[in-house]
Amino acid sequence: MDKFLFYGMTGEKMCFQHILLNALDLAASGHEVKIIFEGASVKLVSVFEEEKHPLYLKAKDSGIIAGVCFAC
């Protein structure tokens, strides 16, 4: 089993969706995966929550979201 850590730095929704897709795919394949929201991406958390984004909610429910930078 490999370990992967994704740092999302961009505030562009499409770019972060790519992180979510890759992370969920790797996790489904049995790898240990974590996601951290950094930089401008921290603004996406409220967007994803508000629209009940299915990829974000799946990642959140599966526990692969490790954190959100509060300083950003």
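Engineer: What is the right way to look at the overall build of the chain in this model?
Structural biologist: The helix and strand inventory of the chain stands at three helices and three strands. Reading the secondary structure of the chain in the N-to-C direction produces β-α-β-α-α-β. The C-alpha atoms of the chain give a radius of gyration of 11 Å, which matches the 11 Å a tight globule of 72 residues would have. Oriented by its inertia axes, the alpha-carbon framework of the chain measures out at about 30 × 25 × 20 Å. Here the chain, with 72 residues, has 32% of them falling under the buried criterion. In the chain, the share of contacts with a sequence separation of at least 24, taken over all contacts with a separation of at least 6, comes to 73%. For the chain, the computed accessible surface area is about 4,500 Å², with 58% contributed by carbon and sulfur atoms. Each charge class in the chain was averaged separately, 7 positive and 9 negative side chains, and the resulting centres sit 4 Å apart.

Engineer: Got a minute to help me understand the nonpolar core in this structure?
Structural biologist: Ranked by size, the top nonpolar core spans 18 residues in total, and within it F6, F16, L20, I35, F37 and F48 carry the most contacts. At six residues, the largest contribution of residues to this core is made by helix α1 (residues 13-28).

Engineer: Would you mind going over the sheet that holds strand β1 (residues 3-8) with me for this structure?
Structural biologist: Strand pairs in the sheet, formed through backbone hydrogen bonds, run parallel or antiparallel to each other. Strand order across the open sheet formed by three strands is β1-β2-β3, with parallel pairing between neighbours. Bordering the open sheet on either side are β1 and β3 (65-68), each of which pairs with just one other strand. Strand-to-strand twist of the sheet, defined as the mean angle between neighbouring strand axes without regard to direction, takes the value 15 degrees. As paired elements, strand β2 (residues 32-37) and β3 share three bridges and run parallel to each other. Residue I35 lies in a different strand from β3, and its bridge partner there is I65. Here helix α2 (residues 42-50) sits on the sheet and contacts β2 and β3; the angle it forms with β2, its principal contact strand, is near 105 degrees.

How each quantity is defined
Residues numbered from 1 in each chain as written. Predicted model: local features only at pLDDT ≥ 70, side-chain atom pairs only at ≥ 80, totals over all residues. Heavy atoms only, no water. Helix = DSSP H or I, 4+ residues; strand = E, 2+ residues; numbered from the N terminus. Rg over C-alpha atoms; globule rule 2.2 N^0.38 Å. Buried < 20%, exposed > 50% of the residue type's maximum accessible area, 1.4 Å probe, protein only. Contact = heavy atoms within 4.5 Å. Areas by Shrake-Rupley, 256 points an atom, 1.4 Å probe, with all protein chains shown as cover. Lys, Arg positive; Asp, Glu negative; His and termini not counted. Charge placed at Lys NZ, Arg CZ, Asp CG, Glu CD. Core = buried A, V, L, I, M, F, W, Y, C linked by side-chain atoms within 4.5 Å. Pairing = 2+ DSSP bridges. Axes fitted to C-alpha atoms, helices over the stretch in contact; angles between N-to-C directions.

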